[in-house]
Amino acid sequence: QVQLVESGGGLVQAGGSLRLSCAASGRTFSSYAMGWFRQAPGKERELVAAISWSGGPTYYADSVKGRFTISRDNAKNTVYLQLNSLKPEDTAVYYCAAAGTINAAPDYWGQGAQVTVSS
């Protein structure tokens, strides 16, 4: 069992930056691939970025490439998402998730963190 708690969301102006953190508790965090999803009002949840258990292979949605960076610190049981050059269309609830592999459906979800980007 893995429990995930996001933090770091908030309100920021367009062009600004935020860093989301996701702290994991439970066993074997380092064996899970981790991902960040987001869901905007009226839209489906989408995968934004993912990182393998080792921190090696990563994935980014085209809409965030070059602006967002995912990273993890297995010693701290934490995964991060650095959001730069934010746009109003990045406004959403951001969820972290744990999965067996970088391509697998998540097994565990966090409760979500609101990110609001004003124009």
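Provided above is the structure to which this section pertains.
Residues numbered from 1 in each chain as written. Predicted model: local features only at pLDDT ≥ 70, side-chain atom pairs only at ≥ 80, totals over all residues. Heavy atoms only, no water.

Here we take up the packing of aromatic side chains. Using the criterion set out here, one finds three aromatic pairs in the structure. Ring centres of Y95 and W109 lie 6.4 Å apart, and the angle between their planes is 85 degrees; this geometry places the pair in the edge-to-face category. With Y95 in strand β9 (residues 92-99) and W109 in strand β10 (residues 108-109), this pair connects stretches of sequence that are 14 residues apart. Given the relative accessible area of 14%, Y95 is considered buried. The partly exposed category is assigned to W109, whose relative accessible area is 36%. Of the aromatic side chains, those joined through ring pairs into one cluster are F37, Y95 and W109. One residue, R45, lies across the ring of W109, its end atom 4.6 Å from the ring centre. (Phe/Tyr/Trp six-rings, centres within 6.5 Å; stacked < 30°, edge-to-face > 60°. Helix = DSSP H or I, 4+ residues; strand = E, 2+ residues; numbered from the N terminus. Buried < 20%, exposed > 50% of the residue type's maximum accessible area, 1.4 Å probe, protein only. Lys NZ or Arg CZ within 6 Å of the ring centre and 35° of its normal.)

What follows concerns the sheet that holds strand β3 (residues 18-26). As summarised here, the arrangement of the four strands in space is β1-β3-β8-β7, forming an open sheet in which the pairing is antiparallel. Since the sheet does not close on itself, it has two edges, and those belong to β1 (2-7) and β7 (68-73), each with one partner. On average, each strand axis in the sheet is tilted by 15 degrees relative to the strand beside it, whichever way the strands run. Here β3 runs beside strand β8 (residues 78-83); their pairing, made up of six bridges, is antiparallel. (Pairing = 2+ DSSP bridges. Axes fitted to C-alpha atoms, helices over the stretch in contact; angles between N-to-C directions.)

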